[in-house]
Amino acid sequence: MKTTCFYYEDGQGKLVDEEGNDAIDWVEEATPFHLRTLTRITEYCRKQEEEGVSSEDSLGNLDADMEEVIAIVKKQKRLHHKYSNEQKLTFVYYNRIKLFNTAKSGCLAGGIAKRTAQKWAKKLKEDKDWNIFEKQTNLVNRLKPQLDERHKVHLLECYNNCPQAQVLDAMESLTQKFSDLTVKKSTVHNFLKNECNLSFKKLTHLPVARNNSDKIQARKNWVIKWTATDMNYLENCVFVDESAFDRNMRPPSEWSVKGTPAITTTPTTKAVSHTVLGAISTKFVVAIELRNPQEESSKRIKIVHSGSKRKAPTEKKKKSGATRIAEACNNIPPEHLNAFAQHSGNCFDICLRGDPL
């Protein structure tokens, strides 16, 4: 038999029972994982369809942009054997996009000399990576450079043994190795950058165990095992990874005035750590979830005197970092996803050769 309960107003806006207990109670239903889904396959595919642009639309946009460049070319003064970047761009547009012949392309690009236009067209056809905008240096009358292949081999060996060496260290090493050499710091710097193809970048520390003999052999055995199956990174694999971040993280380097340190301020040195759990394939983003270990994820349930339950009202939240992460994930082009998987697949040959990664 159900017991009858009586509730009263206590004069302070609260509803209490005969013993003075609050008639409306709150219970906590907590989830231990604190996961929030940011995007799924369906959302990613829908976003890609919305932002997809057809090739015809792209060509139409190019034509509209080139109209402005062509107008600039028409206003420019004619200089003998000296052509602007706008003229070069217009020549490439007419010759490689519109497929006009060399003479017509040179004429429409502001009167480019016939012989020059022929050289450009031949170079563009033979070398797809040729940069028409780069300065065409006269190599015939240039002085013989001080540094040659011998110095290149020596510098590459030095930086292979000591990657943190400075330009002054390289100069000292060269003068010790080649006693008859006198060279400036700027010359060595340009030689390292242009001829040796070296650049100064942030140093990445790798553990010794990463490329020891046991790890190399284990990677080789793994590749041999799985390549014998139907596993294919570009066709039937999903890649799962976890990345941690917080809102106070900053890039490891930044620009500052010469002679002053690069310093930036943050609200606090401590911040709530978040973790992004991502799963992708070569064709689409499978799922992205955000985990916040310190987030209050319990649900407040209102229990009224009748015994029924209902959720407590929640306030509408503003656009958060999770929303921005989801938007960024949905805007990743599929060709970038394919490139990620292709890079991993390319490491298989390195593992089979027994080379370090």
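Position numbers for residues count from 1 along each chain, tracking the sequence in the order it is written. Only residues with pLDDT of at least 70 are given local features in this predicted model, and only at 80 or more are side-chain atom pairs given and counted; all residues enter the totals for whole chains, interfaces and linings. Where side-chain values are given, they derive from all heavy atoms of the structure, hydrogens and water being excluded.

A. Spotlight on the packing of aromatic side chains. When the centres of two rings from Phe, Tyr and Trp lie within 6.5 Å, Trp using its six-membered ring, the rings pair. Their planes under 30 degrees apart give stacked, over 60 give edge-to-face, and anything left gives tilted. Within the structure shown, the criterion is met by eight aromatic pairs. Aromatic side chains Tyr 83 and Trp 120 sit 5.6 Å apart centroid to centroid with 80° between the ring planes, which places their arrangement in the edge-to-face category. Of this pair, Tyr 83 sits in the loop between α2 (55-75) and α3 (85-97) while Trp 120 sits in helix α5 (residues 114-126), and the two are 37 residues apart along the sequence. For the pair Tyr 83 and Trp 120, one class covers both residues: buried. Each ring is checked for a lysine NZ or an arginine CZ that lies within 6 Å of its centre and within 35 degrees of its normal; such an atom marks a charge sitting over the ring. Lying across the ring of Phe 100, Lys 104 places its NZ or CZ 4.4 Å from the centre. A run of DSSP states H or I qualifies as a helix once it reaches four residues; a run of E qualifies as a strand once it reaches two. Both are numbered from the N-terminal end. Exposure categories follow from relative accessible area, calculated using a 1.4 Å probe and restricted to protein chains: below 20% of the type maximum is buried, above 50% is exposed, and the middle band is partly exposed.

B. Representation of α5 in the model. A helix's residues, less one, multiplied by 1.5 Å, set its expected span. Here α5 spans 18 Å end to end across 13 residues, near enough to the 18 Å set by a 1.5 Å rise per residue. Taken together, the buried positions of α5 are Thr 116, Ala 117, Trp 120, Ala 121 and Leu 124. Each buried residue of α5 lies within a common arc of 135° when the element is viewed along its axis, so the set occupies one face. Along α5, exposed side chains directed more than 90 degrees from the buried face belong to Lys 114, Arg 115, Lys 119, Lys 122, Lys 125 and Glu 126. This arc is taken over the directions from the axis of the helix to the C-beta atoms.

C. Examining the pairing of strand β6 (residues 274-280) more closely. When you tally the buried positions in β6, you get six out of seven residues, the bulk of the element. Paired strands, in this sense, are two strands between which DSSP finds at least two bridges. As defined by bridge partners, strand β5 (residues 239-245) adjoins β6 across seven bridges and the pair is classed as antiparallel. Opposite Phe 245, over in β6, you have His 274 as the bridge partner. Of the pairings in the sheet, the one linking β6 to strand β7 (residues 285-291) comprises six bridges and is antiparallel in character. Directly across from Ala 279, in β7, lies its bridge partner Ala 287. Where β6 folds back on β7, the antiparallel hairpin that results is connected by four residues.

D. Spotlight on unusual backbone geometry. Residue Leu 99 is not a glycine yet carries a positive backbone phi of 60°. Within the element layout of this structure, Leu 99 appears in the loop between α3 and α4 (102-108). Positive phi values are uncommon outside glycine, yet Asn 197 reaches one of about 60°. Residue placement: Asn 197 occurs in the loop between α8 (185-194) and α9 (213-227).

E. Spatial organisation of the packing of α9 against helix α11 (residues 334-353). As a packed pair, α9 and α11 sit with axes 8 Å apart at the nearest point and diverge in direction by 120°. Taken together, the axes of α9 and α11 lie oblique to each other. Crossing angle aside, the handedness with which α9 passes α11 is left-handed. Along its contact with α9, which presents Arg 219, Lys 220, Trp 222, Val 223, Ile 224 and Thr 227, the element α11 presents Phe 348, Cys 351 and Leu 352. Each residue is assigned to one class: nonpolar for Ala, Val, Leu, Ile, Met, Phe, Trp, Tyr, Cys and Pro, charged for Asp, Glu, Lys and Arg, and polar for all the others, Gly among them. Within the contact of α9 with α11, the residues separate by chemical class into six nonpolar, one polar and two charged. Note on geometry: axes are C-alpha line fits, over the in-contact stretch for helices, and angles between N-to-C directions span 0 to 180 degrees. Reported orientations rely on four angle classes, namely roughly parallel under 35 degrees, roughly antiparallel over 145, roughly perpendicular from 65 to 115, and oblique for the rest. Throughout, a crossing is termed right-handed when the near helix is turned clockwise from the far one, and left-handed when it is turned anticlockwise from it by less than a right angle. Pairs of residues are marked as contacts when any of their non-hydrogen atoms sit within 4.5 Å.

The values reported here are purely geometric and, on their own, carry no functional implication.
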